[in-house]
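Observations on the three-dimensional arrangement
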Amino acid sequence: MAKTAVVILNWNGKDFLQKFLPSVIQYSLGYADIIVADNASTDGSVDFLRNSFPEVSIIRNQVNGGFAKGYNDALVEVDAEYFILLNSDIKVSENWIQPIISLMENDPQIAACQPLIRSFHHPEKFEYAGAAGGFIDAFGYPFCRGRIFQHLEDDHGQYDDPIEVFWATGACMFVRADIFREFGGFDADFFAHMEEIDFCWRVKHAGYKIMVCPESKVFHVGGGTLPKRSSFKTYLNMRNNIALLYKNLPSDKLLKVFIIRLILDGVAAFKFLVDGGFADFWAVVRAHMSFY
């Protein structure tokens with residue numbers, strides 16, 4: 001059994017693999033096995049990997065079950081103590097693995113941890129998907145140190161302390177394999193988006209910690225599979241956000257939060273409509289209908 005396995009979930013991301021896999025190999029071999037879990041790609045990704053990166057192992061999922069089911073299916077076949085779930089559109093840097101594994105080895109209550117996530121295109125800035133560690137507000141809206149809504153801070157070292165956070169980004173999540181299996185992995189119904197927050201919340205209910213370790217840094221493109229301006233992304237974010245609240249909130253808070261969220265999500269939907277985004281407006285409506 002390997003101590004650590006880097007597992008990159010790929011769906012039609014051959015260009016990202018060609019661009020970013022060399023940095024993963026350069027800074028990971030000797031510290032971790034490297035595996036690409038292919039989610040039934042149709043762009044020739046598997047043949048490309050076999051020909052260009054023979055040192056990388058390949059797992060082939062039979063269907064594209066999204067991020068959640070894709071990882072659940074693939075990780076059944078990975079024998080390691082630690083999984084590193086890594087997006088294909090991330091460039092890693094030197095010494096990105098060791099600090100986090102060391103942190104987790106020294107505290108068995110840490111179930112999952114993320115590095116500091118900076119933007120690939122604007123390296124001085126934090127990146128939306130995780131930044132310097134994830135939190136959630138009283139109404140269930142996720143935010144990060146270094147990112148509030150669409151505002152991204154420059155990294156001046158203001159978040160260089162390793163701290164406990166509420167959730168670690170699925171873009172680059174280090175997780176203990178035994179805990180991932182114990183909690184059933186991700187909720188496959190989520191397909192993609194917020195499944196990592198749901199997983200972290202369930203793990204925290206059991207008394208485990210989620211951490212960020214800024215000594216490790218990676219650089220994320222973002223929107224690699226679903227573009228940021230996507231009504232399907234809006235649908236998944238809205239539907240999955242209220243689903244994770246239903247699953248994880250205490251029963252005495254659920255009704256109050258849901259009433260407020262119904263109002264706030266309605267405001268968001270009509271703002272989409274006013275701004276000409278009918279597809280996003282309808283995505284919010286469909287998200288609530290699907291949840292109910």
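Let us look at the structure shown here. Just so it is clear, the model here is predicted, and its values are computed rather than measured.

Here we look at the overall build of the protein
Of regular secondary structure, the protein possesses nine helices and 13 strands. For 292 residues, the compact-globule estimate of 2.2 N^0.38 gives 19 Å, and the C-alpha radius of gyration of the protein, at 19 Å, lies within 12% of that figure. In terms of principal-axis extent, the alpha carbons of the protein reach across some 50 × 40 × 40 Å. Looking at the protein residue by residue over its 292 residues, the buried ones come to 54%. Of the side chains in the protein, 27 bear a positive and 35 a negative charge, and the two mean positions are spaced by 4 Å.

What about the packing of helix H7 (residues 231-248) against helix H9 (residues 278-291)?
Two numbers describe how H7 lies on H9: the axes approach to 8 Å, and their chain directions differ by 30°. Considering the angle they form, H7 stands roughly parallel to H9. Pair H7 / H9 crosses with right-handed handedness. For the pair formed by H7 and H9, the contact residues are Ser231, Thr234, Tyr235, Met238, Arg239, Ile242, Ala243 and Tyr246 on the first element and Ala279, Asp280, Ala283, Val284, Arg286, Ala287, His288, Ser290 and Phe291 on the second. Among the residues making up the contact of H7 with H9, the classes are represented as 10 nonpolar, four polar and three charged.

With respect to empty space enclosed by the protein
Per the counting criterion, the structure on display carries one cavity of 30 Å³ or more. As a volume, the largest cavity reaches approximately 30 Å³. Considering the residues around the largest cavity, the lining is formed by Ile8, Leu17, Phe20, Leu21, Val24, Leu86, Asn87, Ser88 and Ile90. Mapped onto the lining of the largest cavity, the elements with two or more residues apiece are helix H1 (14-28) and strand E4 (80-87). Top element by residues in the lining of the largest cavity is H1. It accounts for four residues.

Quick word on H7
Its 18 residues give H7 an end-to-end C-alpha distance of 26 Å, which sits within 8% of 26 Å, the value for a rise of 1.5 Å per residue. For H7, a buried count of 13 out of 18 residues is recorded, marking the element as mostly surrounded by other parts of the structure. You can read the cap of H7 off the contacts: a side-chain oxygen lies 3.3 Å from the backbone nitrogen of Phe232, and it is on Ser230.

Concerning the pairing of strand E2 (residues 33-39)
Counting buried residues in E2 gives six out of seven residues, a clear majority hidden from the surface. In the sheet, strand E1 (residues 2-10) pairs with E2 via six bridges, with the strands oriented parallel. Of the residues in E2, the one forming a bridge with Val6 is Ile34. Handedness of the β-α-β unit built from E1, H1 and E2 comes out right-handed. Where E2 lies against strand E3 (residues 57-61), five bridges are found, and the strand directions are parallel. Looking at the pairing, Ala37 lines up with Ile59 of E3. A crossover connection joins E2 to the parallel E3 through helix H2 (residues 45-52); in handedness this β-α-β unit is right-handed.

Considering the nonpolar core
Grouped together as the largest cluster of nonpolar side chains are 62 residues, with contacts concentrated most on Val78, Phe83, Phe186 and Phe199. Per-element accounting of this core gives the leading share, seven residues, to H7. With residues up to four places along the chain from it excluded, the contact list for Phe186 reads Phe67, Ala68, Tyr71, Asn72, Leu85, Met173, Phe180, Glu195, Glu196, Phe199 and Arg202.

Quick word on unusual backbone geometry
In this model, Ala131 sits at a positive phi of 45°, which is unusual for a non-glycine residue. Along the chain, Ala131 turns up in the loop between strand E6 (110-119) and strand E7 (134-136). Residue classification places Ala131 among the buried residues on the basis of a relative accessible area of 0%. Unlike most non-glycine residues, Met194 shows phi in positive territory, near 75°. Positionally, Met194 belongs in the loop between helix H5 (177-182) and helix H6 (195-205).

Thresholds applied
Residues numbered from 1 in each chain as written. Predicted model: local features only at pLDDT ≥ 70, side-chain atom pairs only at ≥ 80, totals over all residues. Heavy atoms only, no water. Helix = DSSP H or I, 4+ residues; strand = E, 2+ residues; numbered from the N terminus. Rg over C-alpha atoms; globule rule 2.2 N^0.38 Å. Buried < 20%, exposed > 50% of the residue type's maximum accessible area, 1.4 Å probe, protein only. Lys, Arg positive; Asp, Glu negative; His and termini not counted. Charge placed at Lys NZ, Arg CZ, Asp CG, Glu CD. Axes fitted to C-alpha atoms, helices over the stretch in contact; angles between N-to-C directions. Parallel < 35°, antiparallel > 145°, perpendicular 65-115°, else oblique. Left-handed = near helix turned anticlockwise from the far one by under 90°. Contact = heavy atoms within 4.5 Å. Nonpolar A, V, L, I, M, F, W, Y, C, P; charged D, E, K, R; others polar. 1 Å grid on protein atoms, 1.4 Å probe; cavity = no way out; pocket = protein on both sides within 12 Å on 5 of 7 lines; lining within 4 Å. Points joined across faces, edges and corners; volume = space filled by probe spheres on them. Expected span 1.5 Å × (residues − 1). Polar contact = N/O pair within 3.5 Å; in protein donor to acceptor, adjacent residues only side chain to side chain. Pairing = 2+ DSSP bridges. Right-handed = clockwise from strand over helix to strand, strands pointing away. Core = buried A, V, L, I, M, F, W, Y, C linked by side-chain atoms within 4.5 Å.

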